[in-house]
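For reference, the chains in residue letters:
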Amino acid sequence: MLAIYRQLLRLYPPAYRQQFADEMLAVFLDIRADIAKKRFFAQTVCVVREILGLIGGACGEHLRCFLGPDSGFPLRGRSFVMRNGFRFPNTTAVLMVLILCGVAVAIKKGEEIAMSLPHVNPGVEPIHSVHSALLPPVVLLLIVFYAAGLVGWTILFALRRSGVHRLAQLSGEQK
Amino acid sequence: MALYDMSRTAMTSDLPLTEPVLLILLSLAGQPQHGYSILKDVERMSDGRVVLSTGTLYGAIRRLLDDDWIERFDEEDASRGRQAYRLTQQGRRNLQLEIDRMKHITRLASLRVALKER
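Each chain carries its own residue numbering, running from 1 in the written order of its sequence. Both sets of labels track the order of writing: A upward for chains, 1 upward for ligands. Given that this is a predicted model, residues contribute local features only at a pLDDT of at least 70 and side-chain atom pairs are listed and counted only at 80 or more, while totals for whole chains, interfaces and linings are drawn from all residues.

Draft legend 1. Just the overall build of chain A, in detail. Along chain A, the regular secondary structure elements total six helices and zero strands. Written out in order from the N terminus, the α and β elements of chain A read α-α-α-α-α-α. Taken over 175 residues, chain A has a buried fraction of 11%. In chain A, the share of contacts with a sequence separation of at least 24, taken over all contacts with a separation of at least 6, comes to 58%. Strands here are runs of E lasting at least two residues and helices are runs of H or I lasting at least four, both read from the DSSP assignment and numbered beginning at the N terminus. Partly exposed residues are those falling between the two cut-offs: more than 12 but fewer than 20 other C-beta atoms within 10 Å of their own, whereas 20 or more means buried and 12 or fewer means exposed, with C-beta atoms placed from the backbone. With C-beta atoms placed from the backbone, a contact is any residue pair whose C-beta atoms sit within 7 Å.

Structure follows, in structure tokens:
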């Protein structure tokens, strides 16, 4: 387990590892000594928690390197927080861009594979390439999904009638 | 009745705190602690409900260090890998604000529930 833990620590950015890896390892050794006396189930739960914690923590730290210091571990909770403004769905936008990039990469790969295949049968009629066969429906689907998302977002934005809005209005009236 | 001075919350935009962060700060409120003792203290304070992994703990510690809520505390007999942490003034002030906010909510809730039961 110690070897796995060390390997998972490598997932963290180098600067973070330099600062915290030794400490984390020392704490994990203490935890390991602590759970050695416990039952198998408790040990398994602990190991799974540690693995998931490390993977989640490493993802958070890399995200933090990308998006800035405020995007790391959240200090602020969501309990008792009422947001009175409409927020643009950032996560959705990022996911959509990622999906678009993924599709573009897949199409590019498909093209490369199609180009690398040997054309040993000259008697056959010309066949449409992967690019020309796949691209139109994929682009069409993307346009439809983007349009549907945009329409939904516009409707929500125009209505501005969520419970949060009503609560904000109520609190404004009470003042 | 001035139950709670809402203007005080404007001093920090980081309230309310997440439960792990609140428990970590509470753990450090009394005295400087090492990572493992923070983990055990958090577990004890929450009656075993909140059990942090090392990844989560050090994610929080990293953020609290960056925001200057806690600081490293150099002990004379500290061995390698056993770094202690303690609250800064800012961390203590923010913890106090969060406690005040929670007091306000519990007092308000008690009042409302008592009124309803009459």
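From this point on, the discussion continues.
Draft legend 2. Main features of the sheet that holds strand E2 (residues 70-73) of chain B. All names here are of chain B. A pair of strands is considered paired only if DSSP assigns at least 2 bridges between the two. Ordered by their spatial adjacency, three strands build an open sheet running E1-E3-E2, and the pairing between neighbours is antiparallel. Lying at the two open borders of the sheet, with one neighbouring strand each, are strand E1 (33-34) and E2. In this fold helix H1 (residues 19-30) packs onto E1, E2 and strand E3 (84-87), with an angle of close to 95° to the strand it touches most, E3. Fitted lines through C-alpha atoms give the axes, limited to the stretch in contact for helices. The angle between two N-to-C directions lies from 0 to 180 degrees.

Draft legend 3. Geometry of the pairing of E3(B). Residue and element names in this part refer to chain B. A one-sided burial pattern is seen for E3, the buried positions being Tyr 85 and Leu 87 and the unburied ones Ala 84 and Arg 86. Here E1 pairs with E3 via two bridges, running antiparallel. Looking at the pairing, Gln 33 lines up with Tyr 85 of E3. Both E2 and E3 contribute to a ladder of four bridges, which runs antiparallel. Across the sheet, residue Phe 73 finds its bridge partner in E3, namely Ala 84.

Draft legend 4. The environment of A:Thr92, seen in detail. Within the secondary structure, A:Thr92 sits in helix H4 (residues 90-116). Residues A:Thr92 and A:Gly149, spaced 57 residues apart in sequence, show a C-alpha to C-alpha distance of 9.5 Å.

Draft legend 5. Structural detail: the confidence of the model for chain A. Every residue is assigned a pLDDT by the predictor, reflecting its confidence on a scale from 0 to 100. Of all residues in chain A, 71% have pLDDT values of 70 or greater, and the mean over the chain is 78. Mean pLDDT values over the elements of chain A span from 58, in helix H6 (residues 163-174) of chain A, up to 90, in helix H2 (residues 14-35) of chain A.

Draft legend 6. Seen up close, the packing of H1(B) against helix H2 (residues 35-45) of chain B. Residues and elements named next belong to chain B. Interhelical geometry of H1 versus H2 gives an angle of 110° and a closest axis separation of 9 Å. Taken together, H1 and H2 sit at an angle that is classed as roughly perpendicular. In the crossing of H1 with H2, the sense of the turn from one axis to the other is right-handed. Contacts between H1 and H2 involve Leu 23, Ile 24, Leu 26 and Ser 27 from the first element and Ile 38, Asp 41, Val 42 and Met 45 from the second. Split by residue class, the contact of H1 with H2 holds six nonpolar, one polar and one charged. Working rule for angles: under 35 degrees goes down as roughly parallel, over 145 as roughly antiparallel, 65 to 115 as roughly perpendicular, anything else as oblique. By convention, the crossing between two helices is left-handed when the near helix turns anticlockwise from the far helix through less than a right angle, and right-handed when the turn is clockwise. In this classification, Asp, Glu, Lys and Arg are treated as charged, Ala, Val, Leu, Ile, Met, Phe, Trp, Tyr, Cys and Pro as nonpolar, and every other residue, Gly included, as polar.

Draft legend 7. Representation of the packing of helix H3 (residues 40-67) of chain A against helix H3 (residues 54-66) of chain B. It is at 6 Å that the axes of H3(A) and H3(B) come closest, and there the two elements cross at 30°. Taken together, the residues of H3(B) that come into contact with H3(A) (itself represented by A:Glu50, A:Gly53, A:Leu54, A:Gly56, A:Gly57 and A:Gly60) are B:Thr54, B:Gly55, B:Thr56, B:Tyr58 and B:Gly59. Here the residues of the contact of H3(A) with H3(B) are counted per class, giving two nonpolar, eight polar and one charged.

Draft legend 8. Main features of H3(A). Residue and element names in this part refer to chain A. Along its 28 residues, H3 runs 40 Å from first to last C-alpha, staying within 8% of the 40 Å computed at 1.5 Å per residue. The complete set of buried residues in H3 reads Glu 50, Gly 53, Leu 54, Gly 57, Ala 58, Gly 60, Glu 61 and Arg 64. Directly after H3, the chain includes Gly 68, whose backbone phi takes a positive value near 110°. Expected helix span is taken as 1.5 Å per residue step, with the number of steps being one fewer than the number of residues.

Draft legend 9. Geometry of the nonpolar core. A set of buried Ala, Val, Leu, Ile, Met, Phe, Trp, Tyr and Cys residues, joined through C-beta atoms within 7 Å, is what we mean by a nonpolar core. Core analysis: the biggest nonpolar cluster contains 33 residues, and B:Ile24, B:Leu25, B:Leu39, B:Leu57, B:Ile61 and B:Ile70 have the highest contact counts within it. Elements represented by at least two residues in this core include exactly H2 and H3 of chain A together with H1, H2, H3 and E3 of chain B. Setting aside its immediate chain neighbours within four residues, B:Leu39 contacts A:Val27, B:Leu52 and B:Leu57.

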